[in-house]
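# Chain and residue survey
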Amino acid sequence: MEMVQTKVHHKKRQVVIFIILILLWEAGSESIQYSILEETESGTFVANLTKDLGLTMGELAARAARVVFKGNRQYLQFDPETYDLLLNEKLDREELCGSTEPCVLPFQVLLENPLQFFQAALLIRDINDHAPEFPAREMLLKISEITMPGKVFPLKMAQDLDAGSNSLQSYKISSNPHFHVLTRNRKDGRKSPELVLDKALDREEQPELRLILTALDGGSPPRSGTTKIQIVVLDSNDNAPEFAQEFYEVQVPENSSVGSLVLTVSARDLDAGSFGQVSYALFQVDDVNQPFEINANTGEIRLRKTLDFEEFQSYQVDVEATDGGGLSGKCSLVIKVLDVNDNAPELTMSSLTNPIPENLPEIIVAVFSVSDADSGHNQQVTCTIDDNLPFLLRTSVENFYTLVTEGALDRESRAEYNITITVTDMGTPRLKTEHNITVLVSDVNDNAPAFTQTSYTLSVRENNSPALHIGSVRATDRDAGANAQVTYSLLPPLDAHVPLASLVSINPDNGHLFALRSLDYEALRAFEFRVSAADRGSPALSSQALVRVLVADDNDNAPFVLYPLQNASAPCTELVPRAAEAGYLVTKVVAVDGDSGQNAWLSYQLLKATEPGLFGVWAHNGEVRTARLLSERDAAKHRLLVLVKDNGEPPLSASVTLHVLLVDGFSQPYLPAPEAEAADAAPAAPLTVYLVVALASVSSLFLFSVLVFVAVRLCRRGGAASVGRCSVPEGHFPGHLVDVSGTGTLSQSYQYEVCLTGGPGTSEFKFLKPIHPNFPPQGTRREMEENPTVRNSFLFNPEEPWRRRYPKRRKKATAGNTRSWCWPKSWTVRSSQSSG
């Protein structure tokens, strides 16, 4: 009857397990589950993930598929050619799951680009690879001879590491007339043997029995284990110890210290004397490694070694109480280990991208998982990073996290980030784990070179040596590597007439500027050009800067004397009346300097005179005046040597020789009043104009003939006849003699006509109105020489001058005379305003 009940219980247990498996399968239907027998050889085919996940051929390889198990164990691997899922090593179900059934190992399939997770599980099916084993090779039972048939004696259980039908199923005992064995199903699911007395014992007939107890599992073929039972028949002791309760359950924190009290059990024996004295013993699966011990006299169960919830969550222990007559009682003890937050969270890095490019948003930097070996509330974890960093943590499945950039990063602002990932559990006290990641930001060419100045002004003195270093430009690039390497170049000039290629060059590596040839301030005073700075990125970025080069003047032009001319065929003589008073203006030396600034400031000095002290030269305007009254004793002819010197360093100079002739009977010209001059300038009637023009033409021809005649006569005569000798230069003044810079000493242009008569004591003068020229803009000598308009501006315009004939009278010359009368009427001398 008991055997039938055992089979019924066994079938019910199988049905319950089957229903539980079905429910678990439906609850996890969203994940893929594979199964494999334990102890299967490494490399065995498990599944075709490409087909199961609905992917295309080669997608697993292209997306860098990885299999991730908890604890970073690799029980499965991919076939490198087909990417089929293969077994990586032999699996022992008992080692991985112990007594837990079913044995399921969850794992994730991780795909990248884009990031994707697939849940899967590996079910390890048990094989019958373990035989039942008893904790001891021999058991000793002491049974009183007065024990009535039907008495049950609990025996030590066998242990089978297999699960399910392969686990321990039943016990049997060797054939004998007194006992049979009963297999009892315990509340914890284990099966324990009980020896049942069928026939009363007779110590006098048989004081000792030896039986063999066999434990059988449900494998095919079944495995078994045996132990010996030695039964000693005792004399009359009819009461066995009895525990207060058959089943004890206690909870012990895992951090309990060694030697702490777990529980005290107590059994009572109604017998007296030695038969009533009870001693206690523990029945454990592994007596050596079990962490408990019991005091045989008091029944106190204490810790022999520390507990670890993560290793064992509970223990099942049997306590036996034996009296002095050999009778025993038994109770079961379940010790549950309470979890204490003694394990810090663990972080497992699955992938890390380093470095990451700048300017791209939401880049996946790292993929990692977190876990905690504790349970319950102690197993719940939170994952954080510093809020000041431009990164975000995003949760995924099964405690997986992805670390992504919050936005586009700028390497120029920050090129390296030290990220601390902090994983904290929810236990008390809270434990945390920190994992440091250094993320580098790679450079992208997003910054153009920047010049230190938007414009540069360089100065170089004229007449420089070729290849002279005149200055530098500098640009910096905030990028790195080749993106920050700057190359300099000259851009085409805005003015196509500026020969930039022949003026300057630039070193492409350091931005040094060099003058290619000698510069001439008088030809080119300043010029501008643009410089480009380009990096070596792809695409290259560039910027521009304006460079202005100022040519500084050098004192390389000596003063040039415009009047009197020194290249005439005959010297020009200045006439001075002997009646002239002190300060009388004899003439004015007019000179110009091609330089500028203080290099063109001219000063005049009388170096040598025929009679020192008679004449003087004003230092600033070159006017030659009489220093005292003239007398009859003064020589008639005088030769003056005037030095014209500029203010340069070193100074340059030129000299001019003046010839002065003292004459008698030379009267001062009469200058008309302004009113009369204005009246004469009023427009005349057409007829009057025609008459005036005709008269002027006839008079001009006549005067010209007279002048030619007088000039020829005077030139032939010697001595005093040289007074009338005036050379008339042919051609025009060369353009380079014009002081374009405005620093010369000739204030205006004048035109004079001299008429001499043969009669004594009379002379006739014609004055032409001064010409006030409008000078052209400043330019170079070459412009003055090549521009016919400028060159022709030195000629006399016959339509501008006006003439006035004055009465023939002799008047005393005074110091107010400011003009000399030896210039030809067709000669016009032009210069800018004098500083003096």
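Further up the page is the structure itself.
Procedures and definitions
Residues numbered from 1 in each chain as written. Predicted model: local features only at pLDDT ≥ 70, side-chain atom pairs only at ≥ 80, totals over all residues. Heavy atoms only, no water. Helix = DSSP H or I, 4+ residues; strand = E, 2+ residues; numbered from the N terminus. Buried < 20%, exposed > 50% of the residue type's maximum accessible area, 1.4 Å probe, protein only. Contact = heavy atoms within 4.5 Å. Areas by Shrake-Rupley, 256 points an atom, 1.4 Å probe, with all protein chains shown as cover. Disulfide = S-S within 2.5 Å. Salt bridge = Lys/Arg side-chain N within 4 Å of Asp/Glu carboxyl O. Polar contact = N/O pair within 3.5 Å; in protein donor to acceptor, adjacent residues only side chain to side chain. Pairing = 2+ DSSP bridges. Patch = residues over 30% accessible without salt bridge, like charges linked within 9 Å, V, L, I, M, F, W, Y side chains within 5 Å.

### Things to note about the overall build of the chain
What the chain contains, in helices and strands, is nine helices and 51 strands. When burial is assessed residue by residue, the chain has 41% of its 836 residues classed as buried. In the chain, 70% of the contacts between residues at least 6 apart in sequence involve partners at least 24 apart. Carbon and sulfur atoms provide 53% of the accessible area of the chain, an area that totals close to 44,200 Å².

### Thoughts on the state of the cysteines
A disulfide bridge is the covalent bond that connects two cysteines by way of their sulfur atoms. Here the structure, examined in full by the defined rule, presents one disulfide. Covalently, Cys97 is tied to Cys103 through a disulfide, its sulfur atoms 1.8 Å apart. Every disulfide takes its handedness from the sign of the S-S torsion; for Cys97 and Cys103 that torsion is 60°, giving right-handed. Overall, Cys103 belongs to the buried group, its relative accessible area being 0%.

### Notes on the pattern of salt bridges
If you walk through the whole model with that rule in mind, you get 21 salt bridges. Two residues, Glu59 and Arg63, come together in a salt bridge whose shortest N-O distance is 3.0 Å. An identical accessibility class is assigned to Glu59 and Arg63; each is buried. Residue Glu623 pairs with Arg625 through a salt bridge whose shortest N-O separation is 2.9 Å. Take Glu623: its relative accessible area is 13%, and that puts it in the buried class.

### Concerning unusual backbone geometry
With an omega of -5°, the peptide bond between Ser538 and Pro539 qualifies as cis. Among the secondary structure elements, Pro539 is positioned in the loop between strand 39 (526-535) and strand 40 (542-552). The step from Tyr563 to Pro564 runs through a cis peptide bond, and the omega angle for that step is -5°. Mapped onto the elements, Pro564 comes out in the loop between strand 41 (560-563) and strand 42 (573-577). A positive phi angle is found at Ala64, which is not glycine, with a value near 50°. On the secondary structure map, Ala64 appears in the loop between helix 3 (59-62) and strand 3 (66-69).

### Points about the side chain of Asp318
Considering the arrangement of structural elements, one finds Asp318 in strand 22 (residues 314-322). At a separation of 3.4 Å, a polar atom in the side chain of Asp318 contacts the side chain of Lys330.

### What to know about the environment of Val370
Looking at where Val370 falls in the secondary structure, it is placed in strand 26 (residues 364-371). With relative accessibility at 4%, the residue Val370 sits in the buried group. Put simply, Val370 and Thr424 are 54 residues apart on the chain and 9.9 Å apart in space, counted from C-alpha to C-alpha. Beyond its immediate sequence surroundings of up to four residues, Val370 is in contact with Glu346, Leu347, Val381, Asn399, Tyr401 and Val423.

### Brief notes about the pairing of strand 6 (residues 103-111)
Most of strand 6 sits out of view: seven of its nine residues are buried. The sheet contact formed by strand 3 and strand 6 spans four bridges and is antiparallel. Residue pairing across strands places Val67 opposite Val109, the latter belonging to strand 6. In the sheet, strand 6 pairs with strand 7 (residues 116-125) via nine bridges, with the strands oriented antiparallel. Following the sheet pairing, Gln108 is matched in strand 7 by Gln119. Counting the residues in the hairpin turn of strand 6 and strand 7 gives four residues, including Asn113, whose phi is positive at 55°.

### Considering a nonpolar patch on the surface
A contiguous nonpolar patch, built from Val689, Tyr690 and Val693 and spanning about 300 Å² of accessible area, is present on the exposed surface. In this structure, Tyr690 sits in helix 7 (residues 686-716).

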